[in-house]
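Take a look at the letters that make up each chain.
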Amino acid sequence: MEKITIKENIKEVENIIAQECEKAGRSPSDVTLIAVSKTKPVELLKEAYAYGCRDFGENKVQELLDKYEALPSDIRWHMIGHLQRNKVKYIVDKVYMIHSVDSLRLAEEISKEASKKNVCVNILIEVNVADEETKYGVSCEEVRQLVCDIAKLPNIRIKGLMTIAPFVDDAEENRLHFQKLKKIAVDIMQKNIDNIDMEILSMGMTGDYPVAVSEGATYVRVGTGIFGIRQYMSE
Ligand SMILES: *Cc1c(COP(=O)(O)O)cnc(C)c1O
């Protein structure tokens, strides 16, 4: 098996983020690298932690809970995968942020469970910017109404927007999608809706994060670029 050097991988990603920030006149401290650790064993997460990573992204509730138990408590856990309403209760008081909110019903469930546990949950609205049929997320036209509706709920706070851009060979093809997400955030900010922020833009993955950073990403979610390719177990 090839030796994966997680530390070098993270350094490389950080360097590229810094270069893109420099070109765009941004500060690298405005971009947080989320290490997407789904399917990867705890030992590899520990290596990333030892290097200094404190933000980890997972897309399955049970896996997130197992890793939450096994790793230090100063980690910020990001739920980045589709979330079923019946599983919300297990994670509301454990995650730092839920990136994948795309319906009022899901937000209501988060709000309800967060109220029971007396916590306030940070969320992002997932936007299907390219209108792909296979993707979760609300359409660009629906974002503003959803934001207005969720803003009224207790114990939940909208921090910004998230998107999973199309899988493309040339990352440049996604530039317009990242620009679009940014524009939606700016438009919503100008509406001055109470109880919301639009400071977080979670966009960019291994294949396209440099482009996302140059278009204003504040969170990039990198899995393969840090931990290597994923092997999915058949069930
Ligand atoms: C898996 C995943 C990522 C990371 O993907 P890579 O291409 O491995 O960097 C980012 N965001 C979401 C929502 C994911 O599910």
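About the thresholds
Residues numbered from 1 in each chain as written. Predicted model: local features only at pLDDT ≥ 70, side-chain atom pairs only at ≥ 80, totals over all residues. Heavy atoms only, no water. Salt bridge = Lys/Arg side-chain N within 4 Å of Asp/Glu carboxyl O. Near = heavy atom within 4 Å. Polar contact = N/O pair within 3.5 Å; in protein donor to acceptor, adjacent residues only side chain to side chain. Areas by Shrake-Rupley, 256 points an atom, 1.4 Å probe, with all protein chains shown as cover. Nonpolar A, V, L, I, M, F, W, Y, C, P; charged D, E, K, R; others polar. Helix = DSSP H or I, 4+ residues; strand = E, 2+ residues; numbered from the N terminus. Contact = heavy atoms within 4.5 Å. Buried < 20%, exposed > 50% of the residue type's maximum accessible area, 1.4 Å probe, protein only. Phe/Tyr/Trp six-rings, centres within 6.5 Å; stacked < 30°, edge-to-face > 60°. Lys NZ or Arg CZ within 6 Å of the ring centre and 35° of its normal.

Caption draft 1: Local environment of the pattern of salt bridges. Within the structure shown, the criterion is met by 14 salt bridges. When salt bridges that share partners are traced, they join Glu58, Glu63 and Lys67 into one network.

Caption draft 2: Spatial organisation of the site of the ligand. If you check the shell around the ligand, you find Val36, Lys38, Ile80, Met162, Ile164, Met205, Thr206, Arg221, Val222, Gly223, Thr224 and Arg230 and nothing else. One of the backbone N or O atoms of Gly223 is found 2.8 Å from an oxygen atom in the ligand. Contact distances for the ligand include 2.5 Å between an oxygen atom and a side-chain N or O atom of Thr224. A total of 390 Å² of accessible area belongs to the ligand in isolation, and the protein chains cover 90% of it. A class-by-class count of the residues in the shell around the ligand yields 6 nonpolar, 3 polar and 3 charged.

Caption draft 3: Region of interest: the side chain of Asp55. For Asp55, the location among the structural elements is in strand S2 (residues 55-58). A polar side-chain atom of Asp55 sits 2.7 Å from a polar atom in the side chain of His78. When residues no more than four places from it in sequence are discounted, the contact partners of Asp55 are Thr32, Leu33, Ile34, Ala35, Arg76 and His78.

Caption draft 4: Representation of the environment of Ile98 in the model. Within the secondary structure, Ile98 sits in strand S4 (residues 97-101). For Ile98, a relative accessible area of 0% corresponds to the buried category. In this structure, the C-alpha to C-alpha distance between Ile98 and Val88, residues 10 residues apart in sequence, is 10.0 Å. If we skip the residues at most four places from it in the chain, Ile98 touches Met79, Leu83, Ile91, Ile110, Val121, Asn122, Ile123 and Leu124.

Caption draft 5: Layout of the packing of aromatic side chains. On inspection of all chains with the given rule, the structure shows 1 aromatic pair. Above the face of the Tyr96 ring, Arg76 is positioned so that its terminal group lies 5.8 Å from the ring centre.

Caption draft 6: Structural view of unusual backbone geometry. For Asn118, which is not glycine, the phi torsion reads 60° and is therefore positive. Tracing the sequence through the fold places Asn118 in the loop between helix H5 (104-117) and strand S5 (121-126). With a phi close to 50°, Asn192 is a non-glycine residue in the positive phi region. Structurally, Asn192 can be placed in the loop between helix H7 (175-190) and strand S7 (196-202).

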